[in-house]
Amino acid sequence: QLMSVSEPCSPSKSFELVDEKWLAVSSCVDLADQNEDGHSDPLLIARLSSTNRKKRTIDLFLSEHEDKLDDYIENLRTFARSTGGLIDDDIRRIVWPVLARHLYKYEHEGPSEPELDELTDDDANAHKEWNQVQLDVHRTLARFPPNIDKDERDDLQTLLTPLIVKLISARRDFNYYQGLHDVFLTLLLVVGKESAEDVGRSLIREGVFHDYLSMTLDQGVCRQLELIYVILSRVDPEIEAIFRQVELGPIFALSWPLTWFSHSLHSYKQIVRVFDAFLASDPLLPIYFSAACILYRRADILTTEREMPFLHHLLGTLPKNLPIDSLVSDALYLAKLIPPLLLKGKYLKSYKETASPISNIAPVVSSISRYAIQAVFVAGAMSAAAVTFYLSRA
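Residues numbered from 1 in each chain as written. Predicted model: local features only at pLDDT ≥ 70, side-chain atom pairs only at ≥ 80, totals over all residues. Heavy atoms only, no water.

So, on to the overall build of the chain. Counting its regular elements, the chain contains 22 helices and zero strands. Within the chain, buried positions represent 55% of all 394 residues. (Helix = DSSP H or I, 4+ residues; strand = E, 2+ residues; numbered from the N terminus. Buried < 20%, exposed > 50% of the residue type's maximum accessible area, 1.4 Å probe, protein only.)

As structure tokens, this is what we get:
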């Protein structure tokens, strides 16, 4: 097993040391794949060698425990979280359904409603959300890996709409939101239709997507987005203070947890890598990963004009060359430094009492339709930032 360069042997639990400790161990440094003379980087060669060794280890483990993988959930979680994740889709096709059956416990904040019988494929097209889901599914062209031909893509798109509608029909209070189709497309691409139903069912019944579907944006995802600022206040107070100074609410990150970054990352390989980690970790890991992505861009933030639209524009689009493994490692380390229970409790309370947190998050989010989140997904555009700037003062 490869050890993260972000993780020292005994992370500090002290609030006073969190900031200093983080700056000392953060692994948010992109490693070039080639030297200036064009030759392969020895680090890349070593990384590939480690990846091959890890793949052989996982393959051997799966073959030895093929019939009782549920008994080895911690081993599978370790594979999924550590460097390289689950390596390839052949492994993911086996492991993701097991991880989904054993999601980390998530305390739902939304109301408890009785389960309904799932719709059949034939009845799904009469559901109130069918047309909206179908519209979004037709927009997924850019999300397919380049090696998928048109016929296969058309088949997958045909399967995707009824898959989503059937699953969200399980409860009366579930309401589809734009971007959920990106999550289910990823599941469909990796594990196929039948397993995608099983994994998706676990995510929306037991996972964090339960609240995203059953609560309004400002009641659900908005409260989680505020936690990004609590994390920043503890590990990089300078960046958090800049955001607060210009009244930059985390609306730029709205799509990140809602889609598990499947709409914001630029390659299929990056997306499935973060899904590995999210399926194997605390439900708040996407929030820690969001904070890690912001901290990775610290230098850009410090050199950008300190006006809300400019910073909104900067952060609204993630760079293509993000060092995903390092960011996953850093997110996991942040979750150790600032455990979720303390983050949602003591630290959030302290932040609200002492930091004068931004108050315009909920009004801005509540002004966005669940079916028009696409406008925020492209919030890197200056016009979108200006609209958000206006809404925050409306």
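Quick look at helix 9 (residues 193–205) now. Taking 1.5 Å per residue as the helical rise, helix 9 with its 13 residues ought to reach 18 Å, and the 18 Å between its terminal C-alpha atoms agrees with that figure. Contacts made by the buried residues of helix 9 are with helix 4 (89–101), helix 7 (150–168), helix 8 (180–191), helix 10 (209–214) and helix 14 (268–279). (Expected span 1.5 Å × (residues − 1). Contact = heavy atoms within 4.5 Å.)

For the rest of this paragraph, the subject is the nonpolar core. By size, the foremost hydrophobic cluster in this structure holds 114 residues, and its most contacted members are Trp 96, Leu 99, Phe 209, Phe 243 and Phe 289. Not counting chain neighbours up to four residues away, the residues in contact with Leu 99 comprise Ile 73, Leu 76, Arg 77, Ala 80, Leu 86, Asp 276, Leu 279 and Ala 280. (Core = buried A, V, L, I, M, F, W, Y, C linked by side-chain atoms within 4.5 Å.)

Turning our attention to the packing of aromatic side chains. Given two aromatic rings, one states the distance between the centres and the angle between the planes to describe the pair. One pass over the full model with this rule turns up 15 aromatic pairs. Measuring from centroid to centroid gives 5.8 Å for Tyr 229 and Phe 243, while their planes differ by 55 degrees, and the two rings are tilted. With Tyr 229 in helix 11 (residues 221–235) and Phe 243 in helix 12 (residues 237–245), the pair connects residues that are 14 residues apart, well separated along the chain. Aromatic side chains Phe 261 and Phe 289 sit 4.8 Å apart centroid to centroid with 85 degrees between the ring planes, which places their arrangement in the edge-to-face category. (Phe/Tyr/Trp six-rings, centres within 6.5 Å; stacked < 30°, edge-to-face > 60°.)

A word on the confidence of the model for the chain. Taken residue by residue, the chain gives an average pLDDT of 82. The fraction at 70 or more is 79%. Low pLDDT (under 50) marks residues 1–17, which in the prediction has 27 contacts with non-local residues, meaning those over four places away or in another chain. Below pLDDT 50 for its whole length, residues 379–385 participates in 18 contacts with residues either more than four positions away or in separate chains. (pLDDT = per-residue confidence, 0-100.)

Positive phi outside glycine occurs at Glu 247, with the angle close to 55 degrees. Inspection of the secondary structure assignment puts Glu 247 in the loop between helix 12 and helix 13 (255–258). Phi is positive for Trp 260, close to 50 degrees, though the residue is something other than glycine. Mapped onto the elements, Trp 260 comes out in the loop between helix 13 and helix 14.

On to the packing of helix 8 against helix 9, then. Between two packed helices, the angle of one axis relative to the other and the distance separating the axes together describe the packing. With their axes 8 Å apart at the nearest point, helix 8 and helix 9 run at an angle of 140 degrees to one another. When the axis of helix 8 is compared with that of helix 9, the two are oblique. Seen from above, helix 8 lies across helix 9 with right-handed handedness. Along the contact surface, helix 8 presents Phe 184, Leu 187, Leu 188 and Val 191, while helix 9 presents Lys 193, Ser 195, Ala 196, Val 199, Gly 200, Leu 203 and Ile 204. Its residues assigned to classes, the contact of helix 8 with helix 9 shows eight nonpolar, two polar and one charged. (Axes fitted to C-alpha atoms, helices over the stretch in contact; angles between N-to-C directions. Parallel < 35°, antiparallel > 145°, perpendicular 65-115°, else oblique. Left-handed = near helix turned anticlockwise from the far one by under 90°. Nonpolar A, V, L, I, M, F, W, Y, C, P; charged D, E, K, R; others polar.)

Of the positions making up helix 12, those classed as buried are Ile 239, Glu 240, Ile 242 and Phe 243. Along the axis of helix 12, the buried residues cluster in a sector spanning 155 degrees; they form a single face. Packed against the buried residues of helix 12 are helix 11, helix 15 (285–296), helix 16 (298–303), helix 17 (308–315) and helix 19 (340–354). Phi turns positive, to about 55 degrees, at Glu 247, one or two residues after helix 12. (Arc of directions from axis to C-beta.)

Turning to the environment of Asn 75, a few remarks are in order. Relative to the assigned elements, Asn 75 resides in helix 3 (residues 73–81). Separated by 14 residues in the primary sequence, Asn 75 and Phe 61 place their C-alpha atoms 9.2 Å from one another.

For the rest of this paragraph, the subject is a negative patch on the surface. On the surface, a cluster of negative charge is made up of Asp 149, Asp 151, Glu 152 and Asp 155. For Glu 152, the position within the fold is in helix 7. Exposure remark for Glu 152: the relative accessible area of 40% places this residue in the partly exposed category. (Patch = residues over 30% accessible without salt bridge, like charges linked within 9 Å, V, L, I, M, F, W, Y side chains within 5 Å. Areas by Shrake-Rupley, 256 points an atom, 1.4 Å probe, with all protein chains shown as cover. Salt bridge = Lys/Arg side-chain N within 4 Å of Asp/Glu carboxyl O. Lys, Arg positive; Asp, Glu negative; His and termini not counted. Charge placed at Lys NZ, Arg CZ, Asp CG, Glu CD.)

On the secondary structure map, Ser 255 appears in helix 13. Within the local environment of Ser 255, its side chain forms a polar contact with the side chain of Ser 264, the two groups lying 3.1 Å apart. (Polar contact = N/O pair within 3.5 Å; in protein donor to acceptor, adjacent residues only side chain to side chain.)

Turning to its location among the elements, Ser 290 is positioned in helix 15. By relative accessible area, which is 0% here, Ser 290 ends up buried. The spacing of Ser 290 and Val 328 is 38 residues in sequence and 9.9 Å in space, taken between C-alpha atoms. The contact partners of Ser 290, leaving out residues within four places of it in the chain, are Ile 228, Trp 256 and Phe 261.

Our focus in this paragraph is the pattern of salt bridges. One pass over the full model with this rule turns up 19 salt bridges. Among the charged side chains, a network of salt bridges with common partners joins Lys 166, Lys 193, Glu 197, Asp 198 and Arg 201.

Quick look at the packing of helix 7 against helix 9 now. Axis separation between helix 7 and helix 9 bottoms out at 10 Å; the angle between their running directions is 35 degrees. As for the relative orientation of helix 7 and helix 9, their crossing is right-handed in sense. In this structure, helix 7 contributes Leu 159, Leu 163, Lys 166, Leu 167 and Ile 168 to the contact, and helix 9 contributes Lys 193, Ala 196, Glu 197, Gly 200, Arg 201 and Ile 204. Grouping the constituent residues of the contact of helix 7 with helix 9 by class yields six nonpolar, one polar and four charged.

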